[in-house]
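A structural walkthrough
Spelled out, the chains give:
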Amino acid sequence: MWSADLPVRIMIMSGPKGPRSTKSSSQMPPLPHLRLGVNIDHVATVRNARGGTLPDPVRAARIAEAAGADGITAHLREDRRHIVDGDIETLVRELKLPLNFEMAATEEMVGIATRHRPHAACIVPEKREERTTEGGLDAAGQHNHLKPMVARLRDAGIRVSLFIEADPRQLEAAVTLGAPVVELHTGRYCELEGKAKAAELERLRKAASLCGRLGLECHAGHGLSYADVGPVAAIAQVRELNIGHFLVGEAIFVGLAEAIREMRRIMDAARTEGAAP
Ligand code: PXP
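Just so you know, these numbers come straight off a predicted model, no measurement behind them.

Scoring rules and cut-offs
Residues numbered from 1 in each chain as written. Predicted model: local features only at pLDDT ≥ 70, side-chain atom pairs only at ≥ 80, totals over all residues. Heavy atoms only, no water. Helix = DSSP H or I, 4+ residues; strand = E, 2+ residues; numbered from the N terminus. Buried < 20%, exposed > 50% of the residue type's maximum accessible area, 1.4 Å probe, protein only. Pairing = 2+ DSSP bridges. Right-handed = clockwise from strand over helix to strand, strands pointing away.

**Comments concerning unusual backbone geometry**
A cis amide bond links L54 with the next residue in sequence, P55, at an omega value of -5°. Within the secondary structure, P55 sits in the loop between α1 (41-50) and α2 (57-66). The phi dihedral of R80 falls on the positive side, at around 55°, and the residue is not glycine. Within the secondary structure, R80 is located in the loop between β2 (71-75) and α3 (85-94). Positive phi, close to 50°, is recorded for R117, a residue that is not glycine. When you line up the elements, R117 lands in the loop between α4 (107-116) and β4 (120-123).

Below, the structure written as C-alpha cells:
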C-alpha cells in the first residue's frame, strides 16, 4: 500500500514529445505502477458527427488494451453527445479491461450504473451547455444529494470516485461521503503557463499527499498531453490518469496504438526517472 510518505518526484518540464531531461535519484524506491485509463468519448464524437457506426469506440477500446492501457473510461452525458447507451452496454459485455463509467449525479445515471455494474463510476459535474467538464464536483456543497447516490453505487459493488478540484475541503467531503477514490481535475494545470502552472502543480501535489493521509486513492485527469503529463505522473500518490481528447487527436496523425504507447512511455519515465527540481 502506498502512502503520503512516498517520495514526490518532480519531472523537469517537458516539450511536445515528452520529457527532455530528467535527473534520476537512484536511492528512491520505485513508485507503484501508474494506471492509464484511456477515455474513448471522442471516438464516439467523430462517429456521431456522421451518424452510423464508424469509427467504433469498442474497437478503440480493444486497440487501447493491446497498446498498454489499464482501463477504459467513457462518459455517458445527459445529452448523449458522444457515448450512447448502447456503447456502455457493449463495453461492459465485451471489454476485458475495467470500465470507468463517468456520470453526472442524476437518478437516471445511477440507474444505468447499477444496472450495468461497471468496475468504477466517476461522478462528474455536468452542465448541458459546456463543451467539456468544467471545474470539479462540489462534493462539499452537495453532500445531501450525493450521499445516497454514492451509497447505492457502492452497494452495487462499484468503486466510486469523485472528480474534484485539488481542494482540501473537497477531499474531506469525499471521505465523509464514503467515496474511496478521488480524481483530481488537471484542466487548470494544463491550461496555465509559467509560475501559475507551477503553483497549480504544487496544489495538485499537496492534494495528492492529503489523499494519502485521508486514505483516499488518488487519480488525476483532464486536458493532459505529452507535454503536461510528466510532472503529474511523477506524483507518488497518483495511481491512475484518465486521458482522452489528446490521445484521440494524436491518433489522427500517428494512430491510436502509437499515441497510447508514447503516453505510456512518458508516464513510465516520469515514474522511474523523476527528478528533484
Ligand atoms: N477525467 C474526467 C473526470 C473527465 O471528465 C475527462 C473528460 O471527459 C477526462 C478525465 C479526460 O479528459 P481529456 O479528454 O481532456 O483527456
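Next, the rest of the story.
**Description of the pairing of β2**
Of all 5 residues making up β2, 5 are buried, and the element is well covered by its neighbours. Along β2, one buried face is formed by G71, T73 and H75 and the opposite face, lined by I72 and A74, is buried too. Sheet topology note: the strand β1 (residues 35-39)/β2 ladder contains 3 bridges and is parallel. Looking at the pairing, N39 lines up with T73 of β2. Pairing geometry for β2 and strand β3 (residues 99-103), over 4 bridges, is parallel. Bridge pairing in β3 places T73 opposite N100. Of the crossover connections in this fold, the one passing from β2 over α3 to the parallel β3 is right-handed.

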